[in-house]
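# Close look at the chain arrangement
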Amino acid sequence: MQGKLLLTGGSGMVGRNIRAHDRAANWEILAPSSRTLDLTDAGAVRDYIAETKPDLVIHAAGRVGGIQANMANPVSFLEENTAMGRNIVMAAWRGGVRRLINLASTCMYPREAQNPLREEMILSGPLEPTNEGYALAKIMTMRLCEYIRREDPLAQYKTLIPCNLYGLHDTFDPKASHLLPAVIHKLHVARETGQAEVEIWGDGTARREFMFAGDLADAVLRAAEDLEALPDAMNVGLGHDHSINDYYRVAAEVIGWQGRFTHDLSKPVGMKQKLCATDRQEAWGWQAQTSLEEGLAQTYQHYLERTSS
Ligand SMILES: NC(=O)c1ccc[n+]([C@@H]2O[C@H](COP(=O)([O-])OP(=O)(O)OC[C@H]3O[C@@H](n4cnc5c(N)ncnc54)[C@H](OP(=O)(O)O)[C@@H]3O)[C@@H](O)[C@H]2O)c1
Ligand SMILES: C[C@@H]1O[C@H](OP(=O)(O)OP(=O)(O)OC[C@H]2O[C@@H](n3cnc4c(=O)[nH]c(N)nc43)[C@H](O)[C@@H]2O)[C@@H](O)[C@H](O)[C@@H]1O
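These figures come from a predicted structure and were not determined experimentally. (Residues numbered from 1 in each chain as written. Chains lettered and ligands numbered in written order. Predicted model: local features only at pLDDT ≥ 70, side-chain atom pairs only at ≥ 80, totals over all residues. Heavy atoms only, no water.)

## Quick look at the site of ligand 2
- In the region of ligand 2, 24 residues are neighbours, and Cys107, Lys186, Tyr248, Pro268 and Val269 sit closest.
- At 2.5 Å, a backbone N or O of Val269 approaches an oxygen atom of ligand 2.
- Protein contact buries 97% of the 700 Å² of open area that ligand 2 shows by itself.
- Only helix 3 (67–72), helix 6 (179–193) and helix 8 (244–255) provide two or more residues apiece to the shell around ligand 2. (Near = heavy atom within 4 Å. Polar contact = N/O pair within 3.5 Å; in protein donor to acceptor, adjacent residues only side chain to side chain. Areas by Shrake-Rupley, 256 points an atom, 1.4 Å probe, with all protein chains shown as cover. Helix = DSSP H or I, 4+ residues; strand = E, 2+ residues; numbered from the N terminus.)

Spelled out as C-alpha cells, the structure:
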C-alpha cells in the first residue's frame, strides 16, 4: 500500500477514471464530494486535512466546462477555481502533506503561442479570452506549487498540464460540454431522429488534442508513485491533434450516422490550435495508449448506458 490519498474531484470525469484504474488499489483513497467538503471553504479544507492526514493529495476538482460554459460564467470559473486551488494547496502544505499533484490545463497557454506548446511558454503572452478566468486560476495554482517548492525542498508539489480530455463519466449536457461529448450527443440524436444535417461550430478548421481520460488517469497514478522524477510542470498530451471537422467525421463513423455537416460561423471557436509539446513527458517515459476510434467507441457505449438507465 502506497498510503492515504486525498483525491479532490473524485466524482468528476478525471476523478472517476482515476478511481477505476488498477493502480488505485495501491492507495487508501478519500474522495469527498463537494457536499461533504466544499473546497471553496478554506476552514473546512484545513480541518479535513488535519483530521485525515493524507500522504498525497491529487487535486482534480474544479469548475470545468467547454468554451460556451466558460464564456457564460467567467466570474465562477475564475473565483471558484482560484479558491479551490489556493485552499487545497495551502491547507496541504500547512498541514504537513509532502506530496501533491495539481491538475492544470493547456488552456493556460498564451493564445498566440507557437505550437507545440512548451511549459516554459506559460505567461509569455495574452490568454485566450473565451477561458481567461479559468486559465488565470490554473496559472495561479501552478505558480503557488512552484513557489512552495522553492521555499520547502521537502514539498513534492508538482503540476500536470493535460490537453483536452474526453471519456467515460464526461459531461454530455450541451450547455456545459466540451467538443467530443457534444459531438457524441448531437450525432446520436441525429441518428435516432433521422436528421440529415448536423451543425459544427465555426468552420471546423480549429485543431484540438483530445486524450482519453482513462489514459490521463494512468499518467496521474504513475506520477503519484514517481513524484520525485517529475519536473515542476509537465504537459500530458498525445503529440498530435485533429481538426474539429475530423473529430466529427470519425465520431460519425463510430456512431453510424451518415449525413451532411453544416458550419455555424457565429459560434465561438476559441484557440486555433492547442497542441502541447511532449518532450518532458517522453523524458519521463510515458505515452497514451488509447486510439481516438477506440476511445470514442468506449465513450459512446458509456453514453448509451447512461442515457438508457
Ligand atoms: N475535461 C477536460 O477537458 C480537462 C482538460 C484539462 C484539464 N482538466 C482538469 O482536470 C480536472 C478535472 O476535470 P473534469 O473534466 O474531471 O471535471 P468535472 O467532470 O467537471 O468534475 C469536476 C469535479 O470537481 C468537483 N468540484 C467542483 N466544485 C467543487 C467544490 N466547490 N468543492 C469540491 N469539489 C468541487 C466536482 O465535485 P461534485 O460533483 O461533488 O460537485 C467534480 O467531482 C480539473 O482540474 C480540470 O481543470 C480537464
Ligand atoms: C480543456 C478545456 O478547453 C476549453 O476550450 P476549448 O478546447 O475551446 O473547448 P471546447 O468546448 O472543447 O471546444 C473545442 C472546439 O470545438 C469547437 N466545436 C465545434 N462544435 C462544437 C460543439 O457542438 N460544442 C463545443 N463545446 N465545441 C464545439 C469549438 O468551436 C472549439 O473550437 C476551455 O474552454 C476549458 O476551460 C477547458 O480548459
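## Some thoughts on empty space enclosed by the protein
- Using the criterion set out here, one finds one cavity of 30 Å³ or more in the structure.
- His59, Ala61, Gly62, Asn81, Met84, Gly85, Asn102, Leu103, Ala137, Lys138 and Thr141 are the residues that line the largest cavity.
- Only helix 4 (74–94), strand 4 (99–103) and helix 5 (132–151) provide two or more residues apiece to the lining of the largest cavity.
- Taken together, the residues of the lining of the largest cavity break down into four nonpolar, six polar and one charged. (1 Å grid on protein atoms, 1.4 Å probe; cavity = no way out; pocket = protein on both sides within 12 Å on 5 of 7 lines; lining within 4 Å. Points joined across faces, edges and corners; volume = space filled by probe spheres on them. Nonpolar A, V, L, I, M, F, W, Y, C, P; charged D, E, K, R; others polar.)

## Observations concerning the side chain of Asn70
- Secondary-structure assignment places Asn70 in helix 3.
- With near-sequence residues (within four places) excluded, Asn70 lies in contact with Gly65, Phe77, Thr130, Asn131 and Tyr134. (Contact = heavy atoms within 4.5 Å.)

## Side note on the nonpolar core
- If you look at the biggest cluster of nonpolar residues, it comprises 32 residues, and the most contacted ones within it are Ile101 and Leu160.
- At the level of elements, strand 1 (3–8), helix 1 (13–20), strand 3 (56–59), strand 4, helix 7 (213–224) and strand 10 (233–236) are the ones that each hand at least two residues to this core.
- The element best represented in this core is helix 7, accounting for eight residues.
- Contact partners of Ile101, with chain neighbours within four places excluded, come to Leu56, Val57, Ile58, His59, Lys158, Leu160, Val220, Ala223, Ala224 and Leu227.
- Grouped together as the second largest cluster of nonpolar side chains are 25 residues, Tyr166, Ala190, Phe212 and Ile255 included. (Core = buried A, V, L, I, M, F, W, Y, C linked by side-chain atoms within 4.5 Å. Buried < 20%, exposed > 50% of the residue type's maximum accessible area, 1.4 Å probe, protein only.)

## Thoughts on the site of ligand 1
- As a structural note, the neighbourhood of ligand 1 is formed by 27 residues, with Ser11, Val14, Ser34, Tyr134 and Lys138 the closest of them.
- Here Asp38 contributes a side-chain N or O atom positioned 3.0 Å from a nitrogen atom of ligand 1.
- One of the backbone N or O atoms of Gly62 is found 3.0 Å from an oxygen atom in ligand 1.
- Expressed as a share of its isolated accessible area of 900 Å², the protein-covered part of ligand 1 is 86%.
- When grouped by side-chain class, the residues that make up the shell around ligand 1 number 14 nonpolar, ten polar and three charged.

## Thoughts on the pattern of salt bridges
- If you walk through the whole model with that rule in mind, you get 21 salt bridges.
- Note that Glu146 and Arg143 form a salt bridge whose closest N and O atoms lie 3.0 Å from each other. Here Glu146 and its partner Arg143 are both found in helix 5, three residues apart, which amounts to about one turn of the helix.
- One salt bridge connects Asp264 with Lys267, and the closest N-O pair in it is separated by 3.1 Å. (Salt bridge = Lys/Arg side-chain N within 4 Å of Asp/Glu carboxyl O.)

## Overview of the confidence of the model for the chain
- Chain-level pLDDT for the chain is 97 on average; 100% of the residues reach the 70-or-more range.
- Under the prediction, the complex receives an ipTM of 0.98, its pTM being 0.98. (pLDDT = per-residue confidence, 0-100.)

## Let's talk about the sheet that holds strand 2 (residues 27–30)
- Judged by pairing direction, the sheet is parallel, and its six strands sit side by side in the order 2-1-3-4-5-10 without closing on themselves. Looking at the sheet topology across the chains shown, the edges are occupied by strand 2 and strand 10. Taking each pair of neighbouring strands and ignoring which way they run, the sheet shows an average axis angle of 20°.
- Along the sheet face, helix 7 touches strand 2, strand 3, strand 4, strand 5 (156–162) and strand 10 and points at about 155° away from the line of strand 4. (Pairing = 2+ DSSP bridges. Axes fitted to C-alpha atoms, helices over the stretch in contact; angles between N-to-C directions.)

## Digging into the packing of helix 6 against helix 10 (residues 292–308)
- Close contact between helix 6 and helix 10 brings their axes to 11 Å; oriented N to C, the two are set at 65°. In this structure, helix 6 meets helix 10 at a crossing whose hand is right-handed. Seen from helix 6, the contacting residues are Leu180, Ile184, His185, His188 and Arg191; seen from helix 10, they are Leu292, Leu296, Thr299, Tyr300, Tyr303 and Leu304.
- Among the residues forming the contact of helix 6 with helix 10, the class breakdown is seven nonpolar, three polar and one charged. (Left-handed = near helix turned anticlockwise from the far one by under 90°.)

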